[in-house]
Amino acid sequence: MANISFRNVEKTYDNGVTVIPDLNLEIEDKEFIVLVGPSGCGKSTTLRMIAGLEDVTKGELYIGDRLVNDVPPKNRDIAMVFQSYALYPHKTVYKNMSFALELQKVPKEEIDKKVREAAKILELEPYLDRKPKALSGGQRQRVALGRAMVRDPKVFLLDEPLSNLDAKLRTEMRSQISQLHKRLQTTFVYVTHDQTEAMTMGDRIVVMKDGYIQQFDTPQNLYNYPCNIFVAGFIGSPQMNFVNAKVEKTAEGCELVCGTCRVPVKDEKVLPYVGKEVIMGIRPEDIYVETSETANSFTARVDLAEMMGSEIYLYLTYEGQKLVARVPSEADIKADEEVRLAVDIKKVHVFDKETEEAICH
């Protein structure tokens, strides 16, 4: 079993700076977990504590049923893949992959079998006699994965492994790592600042900010039911629009009023906010071009129109507030035009202006 459990874990450095104040996290056996958040949020520190590269200041860290606070990295049965590949430049691909097993005095026949099996899975067989300098970035990263694979660890730790690759290679490697997880049936903990990587790879995602977990959930739930403004803005590209709106009571329930745009909300959780201002959240893809004048429509000025192929990103100004809309490229909208748009009333999020917590979705 390779479940990982953080129980009231704190990490404070010698200079007195606390980067993880109180972490409670349960990662299940064979799960693919992604830690995501802005720089300095504590995600890499969390990964390094699992690896044993950072000490736990307070609390308990378990891998399986074993308390590992004082267990050295080499005895934790984990393998780590770094952003920088960390390959030995003077060794061949074969030797890079076999080196850890040689240190463990594994028999040569077994080493050869494991290296060649990993090379076949990662499509590295033609490159086993090459040295790292003769490989592309994607091939080097696959060697780093292979070196981890041959050790047959309980837990794979991956620290921003794709950030040095170009966009096309990143997409290819994302799918390769996901397939590798399915094949190996091992616990993967993956750190990234790229929310696209997080959304496409993780079974569940840990969104972190300032050392605290903001939300730990499936990609779908993070996207559709963010718990606060930070998560709502961090997950999704372009990010969610946030506009000030006033809650007004109607015969049918409540409305969010922002200028001429009125959005009905039937959820009773909004009732305590009648007469008050809230933050209305709406994703760019949930704003669409409207030909007729409806209650949930509005006219905005286009500051910039970015052609993205099948769609256009419209950067807009409405009632002094900035918005982004994703519309089909057939709309053929240009900068400096006035355009009528509407909000999909089924996709609106409402947040408390003071606490920034979600009220309803």
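Residues numbered from 1 in each chain as written. Predicted model: local features only at pLDDT ≥ 70, side-chain atom pairs only at ≥ 80, totals over all residues. Heavy atoms only, no water.

## Things to note about the pairing of strand E12 (residues 254–258)
Of all 5 residues making up E12, 5 are buried, and the element is well covered by its neighbours. Residues Cys-254, Leu-256 and Cys-258 point to one face of E12 and Glu-255 and Val-257 to the other, with burial holding for every one of them. Where strand E11 (residues 241–249) lies against E12, 4 bridges are found, and the strand directions are antiparallel. What sits directly across from Lys-246, in E12, is Val-257. Bridge count for E12 against strand E13 (residues 261–265) is 5 bridges, and the pairing is antiparallel. Within the sheet, the bridge partner assigned to Cys-254 lies in E13 and is Val-265. Linking E12 to E13, which pair antiparallel, is a turn of 2 residues; within it Gly-259 sits at a positive phi near 65 degrees. (Buried < 20%, exposed > 50% of the residue type's maximum accessible area, 1.4 Å probe, protein only. Helix = DSSP H or I, 4+ residues; strand = E, 2+ residues; numbered from the N terminus. Pairing = 2+ DSSP bridges.)

## Comments concerning the environment of Arg-7
Residue placement: Arg-7 occurs in strand E1 (residues 4–12). According to the relative accessible area criterion, Arg-7 is partly exposed, its value standing at 38%. Residues Arg-7 and Leu-25, spaced 18 residues apart in sequence, show a C-alpha to C-alpha distance of 7.0 Å. With near-sequence residues (within four places) excluded, Arg-7 lies in contact with Leu-23, Asn-24, Glu-26, Gly-59, Glu-60 and Tyr-62. (Contact = heavy atoms within 4.5 Å.)

## Some thoughts on the sheet that holds strand E19 (residues 338–343)
The strands that make up a sheet are held in pairs by hydrogen bonds between backbone atoms, and each pair lies either parallel or antiparallel. Ordered in space as E15-E19-E16-E17-E18, the 5 strands form an open sheet in which the pairing is antiparallel. The open sheet has two edge strands with one neighbour each: strand E15 (287–289) and strand E18 (321–328). Sheet twist, expressed as the average angle between the axes of neighbouring strands with direction ignored, equals 50 degrees. Across 6 bridges, strand E16 (residues 297–307) lies against strand E17 (residues 311–318) in antiparallel orientation. Residue pairing in the sheet places Leu-304 in a bridge with Tyr-315 of E17. (Axes fitted to C-alpha atoms, helices over the stretch in contact; angles between N-to-C directions.)

## Here we look at helix H5 (residues 167–184)
For H5, which comprises 18 residues, the first-to-last C-alpha distance of 26 Å matches the rise-based estimate of 26 Å (1.5 Å per residue) to within 8%. Taken together, the buried positions of H5 are Met-173, Arg-174, Ile-177, Ser-178, Leu-180 and His-181. Projection of H5 onto a plane perpendicular to its axis shows the buried side chains occupying an angular sector of 155 degrees, all on one side. Looking at H5, the residues exposed on the side facing more than 90 degrees away from the buried face are Lys-168, Gln-179, Lys-182 and Arg-183. Buried positions along H5 lie against strand E3 (32–36), helix H3 (108–121), helix H4 (137–149), strand E7 (155–159), strand E8 (187–192) and helix H6 (195–201). Positive backbone phi, at 55 degrees, marks Gln-185, one or two positions downstream of H5. (Expected span 1.5 Å × (residues − 1). Arc of directions from axis to C-beta.)

## Examining the nonpolar core
Formed by 45 residues in total, the largest nonpolar core has its most connected members in Met-97, Leu-145, Leu-158, Ile-177, Tyr-190 and Val-207. With 5 residues, the top contributor of residues to this core is H4. Excluding residues that lie within four positions of it along the chain, Ile-177 makes contacts with Phe-32, Leu-145, Leu-158, Leu-162, Phe-188, Tyr-190 and Met-201. Within the second largest apolar cluster, 33 residues are counted, among which are Ile-287, Phe-298, Ala-300 and Leu-316. (Core = buried A, V, L, I, M, F, W, Y, C linked by side-chain atoms within 4.5 Å.)

## Things to note about the packing of helix H2 (residues 93–103) against H4
The contact between H2 and H4 brings their axes to 8 Å, and the two run at 30 degrees. When the interaxial angle is binned, H2 and H4 end up roughly parallel. In this structure, the crossing between H2 and H4 has a hand that is right-handed. Residues Val-93, Asn-96 and Met-97 of H2 lie in contact with H4, whose contacting residues are Val-143, Gly-146 and Arg-147. (Parallel < 35°, antiparallel > 145°, perpendicular 65-115°, else oblique. Left-handed = near helix turned anticlockwise from the far one by under 90°.)

## Topic: the layout of surface pockets
With a probe scaled to a water molecule rolled over the atoms, the places where space remains empty come into view. One number sums up the size of the largest pocket: a volume of about 440 Å³. At the level of elements, strand E6 (78–81), H2 and H4 are the ones that each hand at least two residues to the lining of the largest pocket. Looking at which element gives the most residues to the lining of the largest pocket, the answer is H2, with 4 residues. Split by residue class, the lining of the largest pocket holds 14 nonpolar, 2 polar and 3 charged. (1 Å grid on protein atoms, 1.4 Å probe; cavity = no way out; pocket = protein on both sides within 12 Å on 5 of 7 lines; lining within 4 Å. Points joined across faces, edges and corners; volume = space filled by probe spheres on them. Nonpolar A, V, L, I, M, F, W, Y, C, P; charged D, E, K, R; others polar.)

Spatial relationships are all this shows, so hold off on functional conclusions.
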